[in-house]
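Chain by chain, the residues:
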Amino acid sequence: PEFAVATGEGPFGQAALVLNASRRFRYTLDLKKEEEKEIIRRTIRSHAQVIRAVFLFKEAGENDPREAYTGIKFTTASRGFPIEMEKLKTLNRDHDSVLLQEIRGVKGLSDLLKSNLDRGINPTEDELLQRRDVFGANTYPRKKRKSILRFVFDACKDLTLIILMVAAAISLTLGMATEGVKEGWYEGGSIFLAVFLVILVTATSDYRQSLQFQHLNEEKQNIQVEVLRGGKRFRTSIFDLVVGDVVPLNIGDQVPADGILISGHSLAIDESSMTGESKTVHKDQKAPFLMSGCKVADGYGSMLVTGVGINTEWGQLMANLSEDNGEETPLQVRLNGVATFIGMVGLSVAGVVLGVLAIRYFTGHTKNPDGTVQFRAGTTGLKQGFMGAIRILTIAVTIVVVAVPEGLPLAVTLTLAYSMRKMMLDKALVRRLSSCETMGSATTICSDKTGTLTLNKMTVVEAHFIGTRLDPCDDVRAISSSSAALLIEGIAQNTTGTVFLPEDGGAADVTGSPTEKAILSWGLKIGMDFNDVRSKSSVLHVFPFNSEKKRGGVAVQVSDTGVHIHWKGAAELVLSSCKSWLSLDGSVQPMGAQKRNEYKKSIEDMAKSSLRCVAFAYCQCDIEKIPKEDIADWKLPEEDLTLLGIVGIKDPCRPGVRSAVQLCKNAGVKVRMVTGDNIETAKAIALECGILDANGVISEPFVIEGKAFREMSEIARGEIADKITVMGRSSPNDKLLLVQALKRKGHVVAVTGDGTNDAPALHEADIGLAMGMSGTEVAKESSDIIILDDDFTSVVKVVRWGRSVYANIQKFIQFQLTVNVAALVINVIAAVSSGDVPLNAVELLWVNLIMDTLGALALATEPPTDNLMKRQPVGRREPLVTNIMWRNLFVQAIYQIAILLIFNFSGKKI
Ligand SMILES: Nc1ncnc2c1ncn2[C@@H]1O[C@H](COP(=O)(O)OP(=O)(O)OP(=O)(O)O)[C@@H](O)[C@H]1O
Ligand SMILES: [Ca+2]
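Predicted model only: the values in this text are computed from it and were never measured. In this numbering scheme, every chain counts its residues from 1 along its sequence in written order. Each chain is given a letter, starting from A, and each ligand a number, starting from 1, according to the order in which they appear as written. Per-residue local features are limited, in this predicted model, to residues with pLDDT of at least 70; the limit for side-chain atom pairs, both in listing and counting, is 80 or more; totals at the level of whole chains, interfaces and linings are taken over all residues. As a rule here, side-chain values cover all heavy atoms of the structure and leave hydrogens and water aside.

Asks: Teacher, can you tell me more about the site of ligand 1 here?
Replies: Any residue with at least one heavy atom within 4 Å of a molecule or strand is counted as near it. In the neighbourhood of ligand 1, 19 residues make up the surrounding shell, with Thr 450, Lys 550, Arg 612, Thr 675 and Asp 677 lying closest. Within the backbone of Cys 613, a nitrogen or oxygen atom sits 2.9 Å from an oxygen atom of ligand 1. Burial of ligand 1 by the surrounding chains reaches 92%, relative to a free accessible area of 630 Å². Mapped by element, the contributors of at least two residues to the shell around ligand 1 are helix 17 (514-525), strand 16 (562-570) and strand 19 (611-622). Residues are grouped as follows: nonpolar covers Ala, Val, Leu, Ile, Met, Phe, Trp, Tyr, Cys and Pro; charged covers Asp, Glu, Lys and Arg; every other residue, Gly included, is treated as polar. Taken together, the residues of the shell around ligand 1 break down into five nonpolar, six polar and eight charged. Lining the shell around ligand 1 are residues from two domains, each supplying at least three of them: domain 3 (428-454 + 654-790) and domain 4 (459-650). Any N or O atom pair separated by 3.5 Å or less is treated as a polar contact, with the protein-specific requirement of one donor-capable and one acceptor-capable atom, and with residues adjacent in sequence counted only for side-chain atom pairs. Accessible surface is estimated by sampling points in the Shrake-Rupley manner with a 1.4 Å probe; for residues, cover comes only from the protein chains shown. Secondary structure counts use DSSP, requiring at least four H or I residues in a row for a helix and at least two E residues in a row for a strand, with both numbered from the N terminus. For the domains described, the bounds stem from an automatic or database domain assignment.

Encoded structure:
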């Protein structure tokens, strides 16, 4: 197959790092999990239906049918809320719009839940406690953890250990019987002790790992969500949500609880995780029910929480789903194979030794220290003969134990677990264990710009309006009030952010994406009264911003007949759909070639000084032209616009990025920037953080626009992929194309992403890194590692850890194999020639114990050194056991064997 790169013959051929296997492996794992999920989902669904039917029957028998159906008792308030818990559950399960209508829709429901659609619930502790008390918390019970005893039991199940224990028991009884209690326990007792220690170490290490995984799972599930309480937007943990909360939803979010849509625009939900159907479902007033656990595929809106935790289908699913910590990484699988092979060799060798020793013993060729023959047929008692046989058997078993390198898989597990814990401290949350080892061989990193290389703290620093540059950028005195009002209308209405003004005065609190925040803050500076402007006109329809189109638009009704369409987005793209511009006095002027060039020039100038450019444009529309019925499908007019102005937003480079990029360069890992931003802005930032060299070539194909790359043939893309250093104005799909092209070239690709539509690229990459703060849930779910602080420096630290994992495992393999080969050879030679092994069973066992477990522990926890980042990456083709390692291994083994054999046979003479 194209991925498997075997080197040489034998079992070690497969020990070459087969990176793509990890992908295949992962899919099979996913599939298994999906199947399990599906079965549980079906059970829960049918369960719910049965309960509901029973409930309806019972109610119908007891009450007036209408009340039974709506389930609302307005008179008997249930602990302060005029709605009954069970009935609310039924509403969530049924998705019944008739029922919803009867309680006067979402507004009526929010009254019943004592919430407020515009302000949410009160953010007081008491209020939250009461709601949690009545309706439950948004958490679900975990499956009970395996106890430590369970792990001890599992460790005992090892076949070699069982044989050893049997041998120890026999040896103990026989020893004590023949040599007395005081003297005779040594051998049997020390075997027991050794076995006990092995079990203890294995069980505790497994147990600690299961704890760590559980912790990780909790970390993964503890999603941060936005919630509206007391009129203000908070960020809080998903577990804190209560029934009655008002939750804003944005593209890429996970629906955090069951609920009902309050309002939304172009809201589409991907319900595949619950229903299994892959088509996205549009949500509006006609279909307002939202199911917990689904993902927002498009648009935005807000919801009223009506069901939380275990009362939702998602909660049931999560509570019943076993946590998947049984994941074995491809490296572990392969090393398991190697270990098994060596074990087989050991077994055959042990068989030979057993045979040889037995023949020698029973034919009377072995002597006691005093020179008497140990076994003489007829004279030696049955008990003594049995003892001898047992001793021989123990030696054979011990050889097996020594030969089996149990340490190999253990070392990998320990190394991975250790690095994972350390990586967490370095702000990287490892979602898939295998990515630790893969990251070490990465040859290239495709990084986002915004937020990863830059701080994602944006401020408007330049503004070009009405043909002039504002100086300072918030001085709008030169602009006529009508023009300014139009602009402010666009800013306030065409946004997904909010402005909250505290009642007691104080600074305004702006929320939204960093770009939105920058624009809204600037809006406030030029005199925007957010709430006032928003109340003056009403939004008819929205085209939400997405990275594909790089613009967002909104239609607002300003008078009985007048509608304004506002657009804002990537400056040069918006400019190209403008046919006119708004002049100082508020009149509309046609956009001549000269004016267009003037604007283009100012965009370019801003971009060259690393500013992100956003343009505002608008057009008027007649209310008649707007489709009344299916306004949801209406495409906002996006041509023939009038340009209002352009702003330049500064987003400074992160400190430390420059040296991190340099570190990558030294390590032979090429850093590429793939950004949705203007190519000039991208170039400027790339120069600033050292991705581009000021003295190098800065032209195509090193610096390329997404569009140019997209339109190439697959072959052409493959040819230039290697050279691309900066890609500007790229859509998420371009990212995917680049990853594919790079992989075909043999690269091991790491990709960072945050947006919903980055998911395919993250999935395709060898290692997908999602951003913890700016990243959407969808991106995080498709990733292998989450970078908690969004910082590129942390990405580089992950590379370092990955390399250390790889190096540690190599060290351990070399160590273990050397000792194993030497021990086996010596034992065989000694047994065959002299009828005894140089180390007796107990000694061998102890050596093995120290070698395997403690050696693994020691080498696994070796921290990374700076030297690791000075080597070239191992990439896709290098075998795990390199030629140098083979050489070291054999030379060292031969040396050890020679020395030991000399001591064994002629030690006395020397
Ligand atoms: N909320 C917004 N409204 C309108 N336009 C925006 C908004 N956010 C960004 N833009 C414009 O879209 C462009 C690119 O956005 P996109 O989301 O593709 O890139 P990004 O993800 O922010 O950057 P990167 O890929 O480096 O992380 C920006 O340069 C800006 O001009
Ligand atoms: Ca992006």
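Asks: It is not clear to me how the environment of Leu 228 should be interpreted in this structure. Could you clarify?
Replies: Here Leu 228 is to be found in strand 1 (residues 224-229). Each C-alpha atom, one on Leu 228 and one on Asn 116, is 9.8 Å from the other, the two residues being 112 residues apart in sequence.

Asks: Help me understand the pattern of salt bridges, please; the structure alone is not making it clear to me.
Replies: Think of it this way: side chains of opposite charge can pair up when their charged atoms draw near. Between Lys or Arg on one side and Asp or Glu on the other, a salt bridge is scored when a side-chain nitrogen of the former is within 4 Å of a carboxyl oxygen of the latter. Counted according to the given criterion, the structure contains 34 salt bridges. Among the ionic pairs, Arg 612 bridges to Asp 677, the shortest N-O distance being 2.9 Å. Of this pair, Arg 612 sits in strand 19 while Asp 677 sits in the loop between strand 21 (670-674) and helix 22 (679-688), placing them 65 residues apart in sequence. One exposure class covers both Arg 612 and Asp 677, and it is buried. For the salt bridge of Arg 744 with Glu 714, the shortest nitrogen-to-oxygen distance reads 3.5 Å. You can see Arg 744 sitting in helix 25 (residues 732-744) and its partner Glu 714 sitting in helix 24 (residues 714-721), a full 30 residues away along the chain. The partly exposed category is assigned to Glu 714, whose relative accessible area is 49%. Taken together, the shared-partner salt bridges in this structure form one network comprising Lys 449, Glu 572, Arg 612, Asp 677 and Arg 729. Exposure categories follow from relative accessible area, calculated using a 1.4 Å probe and restricted to protein chains: below 20% of the type maximum is buried, above 50% is exposed, and the middle band is partly exposed.

Asks: Help me understand the UniProt feature "transmembrane region" (unreviewed entry) in the chain, please; the structure alone is not making it clear to me.
Replies: UniProt feature "transmembrane region" (unreviewed entry): in the numbering of this structure it lies at residues 151-172, 184-203, 338-362, 392-418, 812-832 and 884-905. Secondary structure over residues 338-362 splits into 100% helix and 0% strand, and the C-alpha atoms at its two ends are 36 Å apart. Measuring from the first to the last C-alpha atom of residues 812-832 gives 30 Å, for a span that is 100% helix and 0% strand. UniProt positions are given in the numbering used here, feature names are shortened, and annotations may be inferred rather than shown by experiment.

Asks: Looking at this structure, I do not really get the sheet that holds strand 21. What am I missing?
Replies: Whenever strands of a sheet pair, they do so through backbone hydrogen bonds, lying parallel or antiparallel. In this analysis, strands are considered paired if DSSP registers two or more bridges between them. A sheet is described by the order of its strands in space; here eight strands give the open sequence 8-26-25-24-9-21-23-22, paired in mixed fashion. Strands with a single pairing partner mark the edges of an open sheet, and in this sheet they are strand 8 (428-430) and strand 22 (703-705). Sheet twist, expressed as the average angle between the axes of neighbouring strands with direction ignored, equals 20°. Axis angles are defined between N-to-C directions and span 0 to 180 degrees, where every axis is a line fitted to C-alpha atoms and, for a helix, only to the segment in contact.

Asks: Got a minute to help me understand the packing of aromatic side chains in this structure?
Replies: Aromatic rings considered in pairs are described by the distance between their centres and by the relative angle of their planes. Put simply, two rings from Phe, Tyr or Trp (the six-membered ring, in Trp's case) pair if the centres are within 6.5 Å, and we call them stacked under 30 degrees between planes, edge-to-face over 60, tilted for the rest. One pass over the structure, following the stated rule, counts six aromatic pairs. Taking 5.7 Å as the distance between ring centres and 70° as the angle between the ring planes, the aromatic pair formed by Phe 151 and Tyr 207 counts as edge-to-face. A residue pair is termed long-range when its members are at least 10 positions apart, and Phe 151 in helix 7 (residues 148-156) and Tyr 207 in helix 9 (residues 186-221) qualify at 56 residues. One exposure class covers both Phe 151 and Tyr 207, and it is buried. Plain terms: the ring middles of Phe 812 and Phe 815 are 5.9 Å apart, the flat faces sit at 55° to each other, and that makes the pair tilted. Here Phe 812 pairs with Phe 815, and both are found in helix 28 (residues 792-834), just three residues apart, close to one helical turn. A relative accessible area of 1% means that Phe 812 is categorised as buried.

Asks: It is not clear to me how the environment of Leu 582 should be interpreted in this structure. Could you clarify?
Replies: Note that Leu 582 resides in strand 17 (residues 578-582). Separated by 63 residues in sequence, Leu 582 and Gly 645 place their C-alpha atoms 8.4 Å apart.

Asks: What is the right way to read the confidence of the model for the chain from this model?
Replies: Each residue carries a pLDDT score, the predictor's confidence in it, ranging from 0 to 100. Averaged over the chain, the pLDDT score is 81; the fraction of residues at 70 or greater is 87%. Segment residues 1-31: pLDDT under 50, and 58 contacts once partners within four positions in sequence are set aside and those in other chains are kept. Contacts are assigned to residue pairs that have any heavy atoms within 4.5 Å of one another. Under a pLDDT of 50 for its full length, residues 63-77 has, in the predicted model, 20 contacts with residues more than four places off or in other chains. With pTM at 0.79, the complex prediction returns an ipTM value of 0.96.

Asks: Explain helix 16 (residues 481-493) here, please?
Replies: Think of an α-helix as turning once every 3.6 residues; residues three or four places apart then point the same way. The end-to-end C-alpha separation of helix 16 is 18 Å, in line with the 18 Å expected for 13 residues at 1.5 Å each. Helix 16 sits mainly inside the fold: ten of its 13 residues count as buried. By definition here, a helix of n residues has an expected span of 1.5 Å times n minus one.

Asks: Would you mind showing me how to read unusual backbone geometry here?
Replies: Note: most peptide bonds trans; most residues except glycine with negative phi. At Ser 266, a position not held by glycine, the phi torsion is positive, near 50°. For Ser 266, the location among the structural elements is in strand 4 (residues 258-270). Judged by relative accessible area, Ser 266 falls into the partly exposed class, the value being 26%. Look at Asp 640: it is not a glycine, yet its phi comes out positive at around 50°.

Asks: Help me out: how do you make sense of the nonpolar core in this one?
Replies: Nonpolar side chains tend toward joint burial in soluble globular proteins. To qualify as a nonpolar core, a set must consist of buried Ala, Val, Leu, Ile, Met, Phe, Trp, Tyr and Cys residues joined through side-chain atoms within 4.5 Å. Counting 70 residues, the largest nonpolar core has Phe 792 and Ile 813 as the members making the most contacts within it. Looking at which element gives the most residues to this core, the answer is helix 28, with twelve residues. Once you skip the residues sitting within four places of it in the chain, Ile 813 turns out to touch Leu 335, Leu 408, Leu 880, Val 881 and Met 885. If you look at the next biggest cluster of nonpolar residues, it comprises 48 residues, including Leu 228, Met 274, Leu 290 and Val 296.

Asks: Which parts of the structure should I look at to understand the side chain of Glu 226?
Replies: By the secondary structure assignment, Glu 226 is in strand 1. Within polar-contact distance, the side chain of Glu 226 engages the side chain of Arg 233 at 3.1 Å. Once you skip the residues sitting within four places of it in the chain, Glu 226 turns out to touch Arg 233, Phe 234, Arg 235, Val 247, Pro 248, Asn 250 and Thr 511.

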